[in-house]
Amino acid sequence: MNQIEWSDALSVGVKAIDDDHKYLVSIINKLVDALENSASQNILESVFSELEKYTVYHFDHEEQLMYAQCSSFEDEAYIDAHVKQHQRFFNDIPELKKKIFNTSSKDLALEVVEYLANWLIEHIVTEDLSFTEYILKHTKNNNDEASLSFYESFVRKLNNKIPLSTRAFLILLIPFLTLFLLSSLLSYNLYKKYSNRAEIVGITKSYICVNNITDDLQKERGLSSGFISSNHNDFKKELALQRELSSLSINECRVVLMKLYQYQDRTTNLLLDTFFKESLRLDEVREKITYREMSKSYMMPYYTSLISNLLDLAESIGVLTKGHIHNQASLLLSLHLKENSGLLRAEGLSLLAQKEPKLQKFKDLLASSRAYQKTFSILSTKEFIQIMQGIENSLSTQDLEAMQAEISVGSPMITTKVWFSKMSLKIESYKELISKIVMRINEDASRQKEEALNYMLILWISLFVVLVVAFVISFALKQSIVQPIETFTKAMKRLQRGDKSFFNYTYQAEDPIKEMISAFENFRRSLIKSDLHDILLDIQGHKTDKFEKLSHVDPLTDTLNRRKFRELYETEFIKTQDTHGYMCVLALDLDKFKLINDKYGHDVGDKVLQSFTDTIQKIIRPTDYLARTGGEEFLVLLTSTKKEKAIEVAQRICTEIESMDLNEIHKELKVTVSIGIGVYNKGSSMDSIMKESDENLYKSKADGRNRVSY
């Protein structure tokens, strides 16, 4: 037999463990040399003792490293499973030792050594490589971490924390989230614009009210001035009618103006409070004017203050809109120009009634009118400048300017009624201009409001369409990345279970995924070649399965022994976990079998056991496993089997065993069996299933035997 040579392919990446494995290889090679050279019993015992002791040391070494890294309940479960694998080998050592020292066949002894070599390789590849993956997973490489840049460290954390499928989806999701956020920000700005324009539409009603109230109060002020200044009742009827119109305007606009309180602007609220408070004195002032208890010097400031308050309110309303009202300058200038004309009208009436008039104030008001008109022509739009020019160039205005010139030089030849009528006509023209400006403000705000709403609708409809298309494309791209990797992973798991069938997946793109798949296919073919080579070696007689069968099969019943059953049980358990499948274990015990041995002898008992196992083999499937674990104790592993089916199989076994014909063995001999069932569930462990089957078996015996418990 050739010596075992260490290969770096067997390295597990942890130097201390690799050194242990190398030393175990050297001990096995010593044992090979001793057997090849027919060494004495003492030498064989010395080498085997060294192997036994160092194996114990190696297992302790591994377990200490594992427990040092233990940090959770899952870690403890993993370590316990690893320790149990060690314990199973300890249980095999006495049998191996017996085979070496109690056989006269050199070939059989070498087969034992070959088994040890195979065990060591299996231990390294299956158990310790998984163990070192666990160690590396829980141990930080400080030198490696220190050499990483911040970006590289961030990428590594993403790889460790976020699954591949999620990362692939995020690659496409993040740009669309950015698009969504930008669209939301734009929508917010559009909504603010929409809300602002909606407010402007509401506020224009306030401008209309201010215009109407100021116009009526200006007329009432002018008529009051004429009424006070004249010595007759020329303006009495007009004044009474105008007072009613002024009161009606104030009452109708009160609700509209009250809505301005909702903006909670301190200046606006103060102006509103002042206007409403002063308007309550209007009836008192009117009464004093009617009975001539109030002079012009007291009457004019009251009305002027009330109207000025409204003009200030108009300016404050413009502030509420944060400067978004177009033509606001034109509106305010028109309001002030109309007020200035109202004052000019009242002052003219007063001058016409006086014998020695004081003309300076009248001249100042004329200068103010010209200043307002000049400013209007500079700040206003072309449309409203043309209207203003039409007012100033009209025949009525030309006649009025001639009257103003007469009054300015102190030699008027006109009556108060003519003056009042001409000035009122011009003021009415200003009122119409103001109405047009307010209407234009309202139209512009309504149009911009609709545009903002339409833009928002178009934006979100477009965004919805883009997101739907993007989601479909991103999902397809995600699948194009993840699907081949998932398919490849399934193929690797199949290969892990020994399935080397063709990997039927065509991937055309020239990228790392295709390179990975190609490497897998080459590896699969290499394994197949290796299998063929092993078959040729078997044909040539270089290997024997005598000891393999001896170590796996119970010689009396030709069923599996406990050790082999445990290996197969572990494989099926992992497979069931990976596929989320089903599995059940039956624990069987022949009832009162000791009495059969005592009464009829062990030969009869052995034949009963053989008939018992033959009957069970006919009932279970080829994919199920039957093992003898004790004298009359057996286990059945039902793969891919649900609990209901396991109960059915167990009850059939009970029935078939009870009706089994044993006359050829001994007349009138009858046997029965008690059965307990353990069922795999999500979260079950191998030991918990076995424990459940044992407990149910004891229950069957306690309940009278010859029955199934579950």
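Here the structure is a predicted model, which is why all the values come from computation and not from measurement. (Residues numbered from 1 in each chain as written. Predicted model: local features only at pLDDT ≥ 70, side-chain atom pairs only at ≥ 80, totals over all residues. Heavy atoms only, no water.)

(A) Representation of the overall build of the protein chain within the structure. Helix and strand counts for the protein chain stand at 23 helices and five strands. When burial is assessed residue by residue, the protein chain has 42% of its 710 residues classed as buried. Considering only contacts within the protein chain whose residues lie at least 6 apart along the sequence, 72% involve residues at least 24 apart. Accessible surface computed for the protein chain: about 39700 Å², of which carbon and sulfur atoms make up 55%. (Helix = DSSP H or I, 4+ residues; strand = E, 2+ residues; numbered from the N terminus. Buried < 20%, exposed > 50% of the residue type's maximum accessible area, 1.4 Å probe, protein only. Contact = heavy atoms within 4.5 Å. Areas by Shrake-Rupley, 256 points an atom, 1.4 Å probe, with all protein chains shown as cover.)

(B) Quick look at the packing of helix α12 (residues 328–353) against helix α13 (residues 360–379). Running from N to C, α12 and α13 point in directions that differ by 160 degrees, and their axes come no closer than 9 Å. Viewed along their axes, α12 and α13 adopt a mutual orientation that is roughly antiparallel. Taken as a pair, α12 and α13 cross one another with a handedness that is left-handed. Only Lys361, Phe362, Leu365, Leu366, Ser368, Ser369, Tyr372, Gln373, Thr375, Phe376 and Leu379 of α13 make contact with α12, whose side of the interface consists of Ala329, Ser330, Leu333, Ser334, His336, Leu337, Asn340, Leu343, Leu344, Glu347, Gly348 and Leu351. (Axes fitted to C-alpha atoms, helices over the stretch in contact; angles between N-to-C directions. Parallel < 35°, antiparallel > 145°, perpendicular 65-115°, else oblique. Left-handed = near helix turned anticlockwise from the far one by under 90°.)

(C) The sheet that holds strand β4 (residues 673–679), seen in detail. Taken in spatial order, the five strands of this open sheet run β2-β3-β1-β4-β5, and their pairing is mixed. Each end of this open sheet is capped by a strand with a single partner; those strands are β2 (625–628) and β5 (708–709). Pairing between β4 and β5: two bridges, direction parallel. Bridge pairing in β5 places glycine 676 opposite serine 709. The strands that helix α23 (residues 686–702) touches are β1 (583–590), β3 (633–639), β4 and β5; relative to β4, the one it contacts most, it runs at about 150 degrees. (Pairing = 2+ DSSP bridges.)

(D) Fine view of the pattern of salt bridges. Counted according to the given criterion, the structure contains 29 salt bridges. Between arginine 566 and aspartate 687 there is a salt bridge whose closest N-O contact spans 3.0 Å. Residue arginine 566 is located in helix α19 (residues 562–579), and its partner aspartate 687 is located in helix α23; the two are separated by 121 residues in the primary sequence. Counted as one network, the salt bridges with shared partners bring together Asp215, Lys219, Lys338, Glu428 and Lys431. (Salt bridge = Lys/Arg side-chain N within 4 Å of Asp/Glu carboxyl O.)

(E) How the structure looks around a positive patch on the surface. Taken together, the side chains of Lys490, Lys493, Arg497 and Lys575 present a region of like positive charge at the surface. Along the chain, the position of lysine 493 falls in helix α16 (residues 416–496). (Patch = residues over 30% accessible without salt bridge, like charges linked within 9 Å, V, L, I, M, F, W, Y side chains within 5 Å. Lys, Arg positive; Asp, Glu negative; His and termini not counted. Charge placed at Lys NZ, Arg CZ, Asp CG, Glu CD.)

(F) Layout of the pairing of β3. Most of β3 is tucked away: six of the seven residues are buried. The pairing of β1 with β3 spans seven bridges and is antiparallel. Across the sheet, the residue bridging to alanine 587 is leucine 635, located in β3. In the sheet, β2 pairs with β3 via four bridges, with the strands oriented antiparallel. In the strand pairing of β3, leucine 626 is matched with valine 636.

(G) Spatial organisation of the nonpolar core. Formed by 69 residues in total, the largest nonpolar core has its most connected members in Leu217, Leu257 and Trp419. Non-local contacts of leucine 257, meaning those with residues more than four positions away in its chain, are made with Ser206, Cys209, Ile213, Leu272, Phe275, Phe276 and Leu313. Core analysis: the next-biggest nonpolar cluster, separate from the first, contains 34 residues, Cys584, Phe593, Met660 and Val671 among them. (Core = buried A, V, L, I, M, F, W, Y, C linked by side-chain atoms within 4.5 Å.)

(H) Structural context of α12. Spanning 26 residues, α12 covers 38 Å between terminal C-alpha atoms, matching the ideal 38 Å at 1.5 Å per step. Most of α12 sits out of view: 24 of its 26 residues are buried. (Expected span 1.5 Å × (residues − 1).)

(I) Up close: the confidence of the model for the protein chain. Per-residue pLDDT for the protein chain averages 82, and the proportion of residues at 70 or more is 84%. The spread of mean pLDDT over the elements of the protein chain runs between helix α5 (residues 142–147), the lowest at 52, and β4, the highest at 97. Confidence over residues 535–547 falls short of pLDDT 50; this stretch has twelve contacts with residues more than four positions distant or in other chains. (pLDDT = per-residue confidence, 0-100.)

(J) Here's a closer look at the environment of valine 409. Of note, valine 409 is situated in the loop between α15 (395–408) and α16. Residue class for valine 409 comes out exposed when judged on its relative accessible area of 61%. Sequence spacing of valine 409 and leucine 359 is 50 residues, and the spatial spacing of their C-alpha atoms is 8.0 Å.

(K) Main features of the packing of aromatic side chains. If you walk through the whole model with that rule in mind, you get eight aromatic pairs. Summarising the aromatic geometry, the rings of tyrosine 302 and tyrosine 303 are spaced 5.5 Å apart at their centres and angled 75 degrees between planes, so their arrangement reads as edge-to-face. Tyrosine 303 matches tyrosine 302 in its accessibility class, with the two residues each being buried. Measuring from ring centre to ring centre gives 5.7 Å for phenylalanine 573 and tyrosine 680, while their planes differ by 85 degrees; the resulting arrangement is edge-to-face. One end of the pair, phenylalanine 573, is in helix α19; the other, tyrosine 680, is in the loop between β4 and α23, with 107 residues separating them in the sequence. Across the pair, tyrosine 680 and phenylalanine 573 agree in class, each one buried. Through pairs of rings, three or more aromatic residues link up here, namely Tyr23, Tyr54 and Tyr57. When the ring centre of phenylalanine 227 is taken as origin, the NZ or CZ atom of arginine 292, which lies over that ring, is 4.5 Å away. (Phe/Tyr/Trp six-rings, centres within 6.5 Å; stacked < 30°, edge-to-face > 60°. Lys NZ or Arg CZ within 6 Å of the ring centre and 35° of its normal.)

(L) Structural view of the side chain of asparagine 269. Inspection of the secondary structure assignment puts asparagine 269 in helix α9 (residues 266–279). The exposure class assigned to asparagine 269 is buried, which follows from its relative accessible area of 18%. Sequence-distant contacts of asparagine 269, that is, excluding residues within four places in its chain, are made with Leu260, Tyr261 and Gln264.

(M) Fine view of helix α1 (residues 15–36). Between its first and last C-alpha atoms α1 spans 31 Å; for 22 residues at 1.5 Å apiece the expected length is 32 Å, and the two agree. Serine 38 occupies a position one or two residues after α1 and carries a positive phi of about 55 degrees.

(N) Structural detail: the side chain of aspartate 589. With respect to the element layout, aspartate 589 can be found in strand β1. A distance of 2.8 Å separates the side chain of aspartate 589 from the side chain of lysine 701, its partner in a polar contact. Contact partners of aspartate 589, with chain neighbours within four places excluded, come to Glu632, Glu633, Thr672, Val673, Ser674, Leu697 and Lys701. (Polar contact = N/O pair within 3.5 Å; in protein donor to acceptor, adjacent residues only side chain to side chain.)

(O) Quick look at the environment of threonine 672. Here threonine 672 is to be found in the loop between α22 (643–658) and β4. In the structure, threonine 672 is positioned 34 residues away from asparagine 706 in sequence and 5.4 Å away in space, judged by C-alpha atoms. If sequence neighbours within four positions are ignored, threonine 672 has contacts with Asp589, Leu590, Asp591, Ile657, Glu658 and Asn706. There is a polar contact of 2.7 Å between the side chain of threonine 672 and the side chain of aspartate 591.

(P) Unusual backbone geometry, seen in detail. With a phi angle near 60 degrees, aspartate 558 is a residue other than glycine that sits in the positive phi range. Relative to the helices and strands, aspartate 558 is located in the loop between α18 (546–552) and α19. Residue aspartate 558 is classed as exposed on the basis of its relative accessible area of 52%. You will see that serine 640, though not glycine, has its phi angle at about 50 degrees, which is positive. Relative to the helices and strands, serine 640 resides in the loop between β3 and α22. Since its relative accessible area comes to 62%, serine 640 is described here as exposed.

(Q) Region of the structure containing the packing of α13 against α15. In contact at an axis separation of 10 Å, α13 and α15 are set at 145 degrees when each is read in the N-to-C sense. Two packed elements cross with a definite hand, and for α13 against α15 that hand is left-handed. Here α13 contributes Phe362, Lys363 and Leu366 to the contact with α15, which in turn contributes Gln404, Ile407 and Ser408.

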